[in-house]
Amino acid sequence: MLFTLATISGLQKGIQLVTDIKIWLSIAFMIFIFVFGGAVFILDLFTNSLGGYLGNFITKSLWMENKSFVSDWTVFYWAWWIAWAPFCGQFCARVSKGRTVREYIIVVSILPALFSFLWLGIYGGAAFHLNDLSGGAILQAVNTDYTTGLFALLRQLPVYVITAPLAIILIIFSFLGSANSATFVLSMLTDHGNMNPDKKLRAGWGIAQGAVTIICIIVGGTSVLKILQTASIVAAFPYMIIMIFMCFSIYKALSKDAKEEGLMK
């Protein structure tokens, strides 16, 4: 209901509000965990990890020794992101209308990557630090049910009675952001590429996605999710071929624009 109402209200209202709440709450959580989760330990771990990442980037990128890791992890993720590419790319392009290519690359690719470095460094560092201080409480919670890991971490910090509900709100708004973009793009695609699709169409797709999700939870939950993940990976392979042609298309379009602007001969 929430993401359907947000999508119906449009990009500048509901979707913008959901995004703003999610971003500012995420930043607030990062600062809070950094300050109270062992700032010195986090900085030390982040610096060492970043050095190891940069120093071994090429080696690990081409590492093929562990076949299980390559097939279960690496292949899964490239296929997963190719499956997400159609609606993610179109939504990013839609909300970036009017921006330059430079601005698009910085905001869509570089800044999220840097934010992810900080996010993983702070949360991971705090988890390692507080797990040692608590005698392995966080590790035990993760081994029992990994979805409780965040709350096991927050339980070791001050004002848990406040941060736990806020964490639930942050999780909800993170899901809302993804659902909003998916609903909006599906509406665009089924409205002949209209960048401001009809509100009834947005409502219909929102209700449809919500209904499918509820049915999946009732029918089987995790087992159904694995089936959907597998279907996404299978669907990604033929789309990979389409993306190769799309790369040539975007190069051709940008070259044409550059020639018209006198930037290329």
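Above this text you will find the structure in question.
Predicted, not measured: the structure shown is a model, and the values here were computed from it.

Rules used throughout
Residues numbered from 1 in each chain as written. Predicted model: local features only at pLDDT ≥ 70, side-chain atom pairs only at ≥ 80, totals over all residues. Heavy atoms only, no water. Buried < 20%, exposed > 50% of the residue type's maximum accessible area, 1.4 Å probe, protein only. Helix = DSSP H or I, 4+ residues; strand = E, 2+ residues; numbered from the N terminus. Arc of directions from axis to C-beta. Phe/Tyr/Trp six-rings, centres within 6.5 Å; stacked < 30°, edge-to-face > 60°. Lys, Arg positive; Asp, Glu negative; His and termini not counted. Salt bridge = Lys/Arg side-chain N within 4 Å of Asp/Glu carboxyl O. Core = buried A, V, L, I, M, F, W, Y, C linked by side-chain atoms within 4.5 Å. Contact = heavy atoms within 4.5 Å. Axes fitted to C-alpha atoms, helices over the stretch in contact; angles between N-to-C directions. Parallel < 35°, antiparallel > 145°, perpendicular 65-115°, else oblique. Left-handed = near helix turned anticlockwise from the far one by under 90°.

Novice: What am I meant to see in helix α1 (residues 2-9) here?
Specialist: Along an α-helix, residues three or four positions apart point the same way, because every turn accommodates 3.6 residues. When α1 is considered as a whole, its buried residues turn out to be F3, T4, A6 and T7. In a view along the axis of α1, the buried residues occupy a sector of 165°, so they form one face of it.

Novice: Would you explain the packing of aromatic side chains in this entry?
Specialist: To describe a pair of aromatic rings, you give the distance between the ring centres and the angle between the ring planes. All chains considered together, the criterion is met by six aromatic pairs. Consider the rings of Y53 and F57, whose centres lie 5.6 Å apart with planes at 65°: the pair is edge-to-face. Judged by its relative accessible area of 40%, Y53 falls in the partly exposed class. Assessed through its relative accessible area of 43%, F57 is described here as partly exposed. Their ring planes at 75° and their centres at 6.5 Å tell us that F91 and F184 sit as a pair that is edge-to-face. Here F91, found in helix α5 (residues 67-95), pairs with F184, found in helix α9 (residues 160-189); they are 93 residues apart in sequence, far enough to count as distant. Looking at F91, the relative accessible area reads 14%, which means it is buried. Overall, the relative accessible area of 1% leaves F184 in the buried class. Members of the aromatic cluster, each reached through a chain of ring pairs, are Y53, F57 and F117.

Novice: I keep staring at the environment of F69 and nothing clicks. Help me out?
Specialist: Mapping F69 onto the fold places it in helix α5. Residue classification places F69 among the partly exposed residues on the basis of a relative accessible area of 36%.

Novice: How do you make sense of unusual backbone geometry when you look at a structure like this?
Specialist: When glycine is set aside, most residues are seen to have a negative phi, and most peptide bonds are trans. Despite not being glycine, V159 shows a phi value in the positive range, around 45°. Among the secondary structure elements, V159 is positioned in the loop between α8 (149-155) and α9. Judged by its relative accessible area of 44%, V159 falls in the partly exposed class.

Novice: How do you make sense of the side chain of R94 when you look at a structure like this?
Specialist: With respect to the secondary-structure elements, R94 resides in helix α5. Here R94 is buried and forms no salt bridge, its nearest opposite-charge partner D191 lying at an N-O distance of 11 Å.

Novice: I'm lost on the environment of I207 in this one. Help?
Specialist: Within the fold, I207 resides in helix α10 (residues 199-219). Overall, the relative accessible area of 58% leaves I207 in the exposed class.

Novice: How should I be thinking about the nonpolar core in this particular structure?
Specialist: A general feature of soluble globular proteins is that nonpolar side chains tend to end up buried together. Core analysis: the largest hydrophobic core is formed by 20 residues, its most contacted members being F29, I33, Y123, L153, L154 and L157. Looking at this core, the elements that each hand over two or more residues are α2 (11-36), α6 (101-133), α7 (137-144), α8 and α9. Sort the elements by how many residues they give to this core and α2 lands first, with five residues. The residues touching Y123, leaving out its near neighbours within four places in the chain, are F29, M30, I33, L150 and L153. Formed by seven residues, the second largest nonpolar core is a distinct cluster that contains I15, F87, F184 and V185.

Novice: Whenever I open this one, the environment of L17 confuses me. Can you help?
Specialist: As for its placement among the helices and strands, L17 is situated in helix α2. On a C-alpha basis, the gap between L17 and G177 in space is 9.9 Å, while along the polypeptide they are 160 residues apart.

Novice: Explanation requested: the packing of α1 against α10 in the structure shown.
Specialist: The geometry of a pair of packed helices is captured by two quantities: the angle between their axes and the separation between those axes. Running from N to C, α1 and α10 cross one another at 160°; their axes reach a closest spacing of 9 Å. It follows from the interaxial angle that α1 and α10 lie roughly antiparallel. Crossing angle aside, the handedness with which α1 passes α10 is right-handed. Contact residues: α1 offers F3, T4, T7, I8 and S9, while α10 offers K199, R202, A203, G206, I207, Q209 and G210.

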